[in-house]
Each structure stands twice: as C-alpha cells, then as structure tokens.
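Structure at a glance
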Amino acid sequence: MGLVVDANILFPVLIKSGKTEELMFEPELHLYAPEFIFEELEKYFSLILEKTYRNEPEFLRIFEIIKNKIKTIANEETEDYLPKAEKICPDKKDVDYFALALRLKCSIWSNDRLLKNQQIIPIYSTSDLLNMF
C-alpha cells in the first residue's frame, strides 16, 4: 500500500518507540513524501531531542532509518498537480502532500483530522492503519 506520509506522523516516531514506529516499518507500506519533509524535521531537532526518550545517537540512527524508508519526490514532479491540490486540500500548508498523493494516485497518512474534510484523497490516521494491519 502506497502512502504519502505527513510530517506529523514522523514526530512521534522520533520521540519514542511505539505503534507508529511499528507501522512505519510495516513491509506492506510504501512511504513517500515531498522532498522538503526532512528539512522541516531538521528545523525541530533540538525541540524533538528535548522531548524524546532516546539519547542523541539513537535519535540520529532512527532519523537515518526513516530517511531510508521514505522515498522523497522532487517538487518538480508534482507541479502539474498543485492547482487541483489547492482546490481540494482543506489545509493550505498541506497542499504539497495532496499534490504528491494525486501524482502517485495514493492515500495520505496523517493525524490531521481537518484533511478528511474532502472526498478526493483517502486520509488514514495512525489508528486507521493500526486497525488494518
């Protein structure tokens, strides 16, 4: 199952082990993200390190594993999908995720309930996916 993964899914994985981390490494899930996602996470490294139960080397190791699990897609590959994504995305800061989902013809994994306020792109929360796997 292909999913575009929202950054809000990655924060809990970096902070502690748990069900979200288990899902992240589910072999049936093929994860994709816009190319900016890891830059976005790096902006919050110090904040995440303050909240995490992991030590810094473990945190960095998990971050590298996540980077290898998620295939990033260049913005140029989704440019043609931005107009439609802008029309259907309920949260303008998530338009790039919608454009990528349209490009790949797949769903989005996000815990942002607002994103479910549209009928075009299926949105799965962590709870939804846990019930499936």
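Please refer to the structure higher up on the page.
Residues numbered from 1 in each chain as written. Predicted model: local features only at pLDDT ≥ 70, side-chain atom pairs only at ≥ 80, totals over all residues. Heavy atoms only, no water.

**Section: the side chain of arginine 54**
Mapping arginine 54 onto the fold places it in the loop between α4 (45-51) and α5 (56-69). Among the residues examined, arginine 54 registers a relative accessible area of 7% and is labelled buried. Among the polar contacts made by the side chain of arginine 54, one reaches the main-chain carbonyl oxygen of leucine 14 at a distance of 3.1 Å. Here the side chain of arginine 54 touches glutamate 21 through a polar contact of 3.5 Å, side chain to side chain. (Helix = DSSP H or I, 4+ residues; strand = E, 2+ residues; numbered from the N terminus. Buried < 20%, exposed > 50% of the residue type's maximum accessible area, 1.4 Å probe, protein only. Polar contact = N/O pair within 3.5 Å; in protein donor to acceptor, adjacent residues only side chain to side chain.)

**Things to note about the nonpolar core**
Ranked by size, the top nonpolar core spans 43 residues in total, and within it Leu10, Ile70, Phe98 and Trp109 carry the most contacts. Sequence-distant contacts of leucine 10, that is, excluding residues within four places in its chain, are made with Val5, Met24, Ile37, Phe38, Leu41, Ile66 and Ile70. (Core = buried A, V, L, I, M, F, W, Y, C linked by side-chain atoms within 4.5 Å. Contact = heavy atoms within 4.5 Å.)

**Here's the deal with the layout of surface pockets**
The calculated volume of the largest pocket comes to roughly 160 Å³. Every residue lining the largest pocket is listed: Asp6, Ala7, Asn8, Phe11, Phe36, Glu40, Tyr44, Lys93, Asp94, Tyr97 and Asp112. Element by element, the count of residues in the lining of the largest pocket is highest for helix α1 (residues 7-15), at 3 residues. Of the residues in the lining of the largest pocket, the class split is 5 nonpolar, 1 polar and 5 charged. (1 Å grid on protein atoms, 1.4 Å probe; cavity = no way out; pocket = protein on both sides within 12 Å on 5 of 7 lines; lining within 4 Å. Points joined across faces, edges and corners; volume = space filled by probe spheres on them. Nonpolar A, V, L, I, M, F, W, Y, C, P; charged D, E, K, R; others polar.)

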